[in-house]
Structure formats: structure tokens, C-alpha cells
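Structural description and commentary
Spelled out, the chains give:
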Amino acid sequence: MKRLLGALITFAMVMAGMGIQAAHAAEYKSEYKLSTVLGKPFPWGNAGERWCELVKEKTGGRINIKMYPGASLVGGDQTKEFTAIRQGSIDMAIGSTINWSPQVQQLNLFSMPFLMPDYKAIDALTEGEVGNELFKILAGKDVVPLAWGENGFRELSNSKRPIRTPQDLKGLKIRVVGSPLFLDSFTALGANPTQMSWADAVPALSSGAVDGQENPLTVFMAAKLHTAANQKNLTLWGYVADPLIFVVGREVWNSWTPEDQRAVREAAVQAGKENVVEARKGLVPPDDTLIREIEGLGVNVVKLTETEKADFRKATREVYRKWADQIGPDLVKKAEEAIAGRK
Ligand code: X2X
């Protein structure tokens, strides 16, 4: 009798254990898919790996994330990433404001030509009221925004000639990505812009199908665009910068315990902070180590003076006005004020 009871108790305990496991398995996936455009060794990809690592650590392995760089979960089509998160084929992402701007109109703010004159201006937006407002907008679109990171100020490169004036850009085929704002900006400057994903950009540049592109210097360097894409001319004009945003799909988020949600958020904030530091390394005046390194590769680097920059600003002023209306005049005004009052 005693033995039978013992066996029954053991049986019951095993079943209960399996029940708990089954409930757990139903709630938590064995792998969460994190989408990024760039992988290692780009700062963006490093940030993704770091987020995965920190989450694993902080949740005791309960949440296991795998990074899918190259926007591979959407066949490389980075402007479809945000939609895929909403539809659930991507669980979480670190995305550029540029790539999500076709779906989230307000994210075009960071692509307004010459809105942000320096790094403090980016911080004034992301760390202030504007950043909060953008996070609220994202939260209304089935995602949970957790932290800001950075791709960086996007500088102009090409294979043909040094660019010092808008006239120098005339007729050059420039690869861009994102919303039609980029087409408007480059058309206003007299260039011939063409939209394509990052995956298509490097082959198009290296074959000479397009002449130039714009991307942060960390990307230029890690992708070796001077040799891989014949980009021997580089103009430092700082016309726009793209922050990165760490998000989790709302449904996935809701399936986690509050304790694990906190851990994922903290991990994102930490990975984001480290990412901003890495994205700016060698680029924050007076430190220009990265610029000098690129010059050392034989790239002709043109640093625009403020007067030269003003010509580009003037040429894109109409585009700025048009897009301020589309983004929302109130939000743009708030951004301009935050930048004017930056510390
Ligand atoms: O495609 C680009 O230019 C990149 C990698 O910078 C973005 O995803 C916005």
C-alpha cells in the first residue's frame, strides 16, 4: 500500500513537472528572432549581439534571442521590417528611423536636411520630449519601444569627383533608402537618386551602376566602401543622422513576466548606451581619429565649411518645408526648439 502510494505521488509529481514545462513552453518560445540590417562588426550588429547576451544573462537564459542581420527575415528589404514586426514574423528589432519611416511618418524627422547640426542636437531630440512623443507613437503601432541607439551622421561618398557645392552633385547617381523624403532631397540638389536596399547597394556601387551613397563613417569603414565600392571621394556634410530604436513586438512582450520585461528593457537601455558610444568613436570633435584613418586609406575627404554647408541647406529648404507639413508642424517645431536650447 505504502509503495503504491509512493509510486502514485512520484507519478503525480512528474506529471505536474511536465505540466509546468508545457505551460512554460506555450508561453515562451525557444528562440526569439531579432532583426537588424547590419551585423557584426558594424556597431549596429555589435549592439544586437550585446542585447542578446545581456538578455540571456539577466533572464537566466529564459529568453533566448537570435540576431538575423541583413534584414534577412524580410528578404533583405529593410523598409518592410516594421510591418513584419507588426505581423509577428519578427519578434524584436533594432531598426533605423530611416527604414521605418515609410510606415511611421514622424520618424522622417531625423531625415530632415540639416535639422541636427551636431551630436548634442541628436541627444536633445532622443533624450527629450520629442523622443518621448515618438515612443508614444510607436507604442500605438503594436510595438514596445525600449531604447535609443545610433547609426550616425550620414556622409556623402562617390566614385566620380569631390563634392563641395550642390553643382558638383549634378547628375550623379546616388543610392538612397527609406521614404520619398530622400528622393526629394537629392533631386533638389540636382543629383539622380535611386532607392535600393543595403544588400543591393554595395554590388550596384561596385559595378558602377550607381556613383555614390550616404552612410555613417563607421559603416563606410567596416564595409570598406573605398575598395569594395570605389568610393574614393567623401564629403563631410552631416546633413542627417539616423538613430536606432530597440523594440519588441507587443504580443511577444505581453507573453513575458513583468520581471523578464524589466530585464529585456534594462538590457536594451544598456546595449543602446554602449552602441551610441561606439557609433561616435573617433568622430566627436576634437577627436577625428576615424576621419584620419579613412584619409589614410587614400580617400579624398572634403570637410565642408559652414558657408559651404549653407549652400546645401539653402538648396534643400523647400524640401524641409514640404516635409515639415507631412511630419507634423508641431513636432518639427518642438524639435527645432529642443535643438536651439541644447546644452
Ligand atoms: O541601408 C543603409 O544605408 C543603412 C545600413 O544605413 C540603413 O539601414 C539605414
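A quick note: this is a predicted structure, and the numbers were derived from the prediction, not measured. (Residues numbered from 1 in each chain as written. Predicted model: local features only at pLDDT ≥ 70, side-chain atom pairs only at ≥ 80, totals over all residues. Heavy atoms only, no water.)

Moving on, we come to empty space enclosed by the protein. Applying the stated criterion across every chain, the model contains one cavity of 30 Å³ or more. Here the largest cavity is characterised by a volume of approximately 100 Å³. Lining the largest cavity are 15 residues; nearest its centre among them are Trp44, Gln78, Asn151, Arg154 and Asn215. Along the lines of polarity and charge, the residues of the lining of the largest cavity split into seven nonpolar, five polar and three charged. Lining the lining of the largest cavity are residues from two domains, each supplying at least three of them: domain 1 (30-151 + 243-280) and domain 2 (155-240 + 284-340). (1 Å grid on protein atoms, 1.4 Å probe; cavity = no way out; pocket = protein on both sides within 12 Å on 5 of 7 lines; lining within 4 Å. Points joined across faces, edges and corners; volume = space filled by probe spheres on them. Nonpolar A, V, L, I, M, F, W, Y, C, P; charged D, E, K, R; others polar. Domains from an automatic or database assignment.)

This paragraph deals with the layout of surface pockets. With a probe scaled to a water molecule rolled over the atoms, the places where space remains empty come into view. Roughly 610 Å³ of internal volume is contained in the largest pocket. The wall of the largest pocket is formed by 27 residues, among which Pro117, Glu155, Leu283, Pro285 and Lys309 lie closest to the centre. Counting only elements with at least two residues in the lining of the largest pocket, the list comes to α5 (119-126), β4 (143-153) and α14 (306-315). Sort the elements by how many residues they give to the lining of the largest pocket and α14 lands first, with three residues. Partitioning the lining of the largest pocket into residue classes produces 16 nonpolar, two polar and nine charged. (Helix = DSSP H or I, 4+ residues; strand = E, 2+ residues; numbered from the N terminus.)

Here we take up the packing of α5 against helix α16 (residues 329-340). It is at 8 Å that the axes of α5 and α16 come closest, and there the two elements cross at 130 degrees. What the angle tells us is that α5 and α16 run oblique. For α5 against α16, the interelement crossing comes out right-handed. In contact with Ala121, Ala124 and Leu125 of α5, α16 contributes Ala335, Ala338 and Ile339. (Axes fitted to C-alpha atoms, helices over the stretch in contact; angles between N-to-C directions. Parallel < 35°, antiparallel > 145°, perpendicular 65-115°, else oblique. Left-handed = near helix turned anticlockwise from the far one by under 90°. Contact = heavy atoms within 4.5 Å.)

Under the domain assignment used here, the chain contains domain 1 (30-151 + 243-280) and domain 2 (155-240 + 284-340). Inter-centroid distance (C-alpha atoms) of domain 1 to domain 2 is 23 Å. If you look at the interface, domain 1 gives 35 residues, while domain 2 gives 36 residues. Both faces considered, domain 1 and domain 2 share a buried interface measuring about 3,100 Å² in area, 73% of it formed by carbon and sulfur atoms. A per-residue breakdown of the area domain 1 buries against domain 2 is headed by Met112, Pro113 and Phe114, which together make up 25% of the total. (Buried area = accessible area lost by both parts, 1.4 Å probe.)

Before going further, it helps to spend a moment on the side chain of Asn46. Its place among the elements puts Asn46 in helix α2 (residues 43-58). Those residues in contact with Asn46, other than ones at most four positions away along the chain, are Lys40, Pro41 and Glu278.

Turning next to the nonpolar core. In terms of nonpolar packing, the biggest core is built from 89 residues, with Trp51, Met116 and Trp256 touching the most fellow members. Built from parts of two domains, this core gets at least three residues from each of domain 1 (30-151 + 243-280) and domain 2 (155-240 + 284-340). With residues up to four places along the chain from it excluded, the contact list for Trp51 reads Leu34, Met92, Ala93, Ile94, Leu146, Phe246, Val247, Val248, Val264, Ala267, Ala268 and Ala271. Core analysis: the next-biggest nonpolar cluster, separate from the first, contains 19 residues, Phe182, Ala191, Tyr239 and Phe312 among them. (Core = buried A, V, L, I, M, F, W, Y, C linked by side-chain atoms within 4.5 Å. Buried < 20%, exposed > 50% of the residue type's maximum accessible area, 1.4 Å probe, protein only.)

So, about the packing of aromatic side chains. Given two aromatic rings, one states the distance between the centres and the angle between the planes to describe the pair. Enumeration according to the criterion identifies 13 aromatic pairs in this entry. Plain terms: the ring middles of Phe186 and Tyr239 are 5.8 Å apart, the flat faces sit at 75 degrees to each other, and that makes the pair edge-to-face. Separated by 53 residues along the polypeptide, Phe186 in helix α7 (residues 180-188) and Tyr239 in the loop between β9 (233-236) and β10 (241-249) bring together distant segments of the chain. Connected via pairs of aromatic rings, a cluster forms that spans Phe114, Phe186, Trp237, Tyr239 and Phe312. The ring of Tyr320 has Arg317 sitting right over it, with the charged end atom 4.2 Å from the ring centre. (Phe/Tyr/Trp six-rings, centres within 6.5 Å; stacked < 30°, edge-to-face > 60°. Lys NZ or Arg CZ within 6 Å of the ring centre and 35° of its normal.)

On to the pattern of salt bridges, then. In total, this model carries 23 salt bridges according to the counting rule given. Between Asp184 and Lys322 there is a salt bridge; the shortest N-O distance is 2.7 Å. Residue Asp184 is located in helix α7, and its partner Lys322 is located in helix α15 (residues 317-327); the two are separated by 138 residues in the primary sequence. Asp184 sits in the partly exposed class, given a relative accessible area of 21%. Residue Lys322 is classed as partly exposed on the basis of its relative accessible area, which comes to 41%. Its salt-bridge partner being Lys303, residue Glu295 comes within 3.6 Å of it at the nearest N-O pair. A relative accessible area of 29% means that Glu295 is categorised as partly exposed. Accessibility expressed as a relative area gives 42% for Lys303, which makes it partly exposed. (Salt bridge = Lys/Arg side-chain N within 4 Å of Asp/Glu carboxyl O.)

A word on unusual backbone geometry. Of all residues except glycine, most have a negative phi; of all peptide bonds, most are trans. A cis amide bond, omega 0 degrees, links Lys40 with the succeeding residue Pro41. If you trace the backbone, Pro41 turns up in the loop between β1 (32-35) and α2. Following Pro285, the chain continues into Pro286 via a peptide bond in cis, with omega recorded as 5 degrees. Positive phi outside glycine occurs at Ala71, with the angle close to 45 degrees. Positionally, Ala71 belongs in the loop between β2 (65-68) and α3 (81-87).

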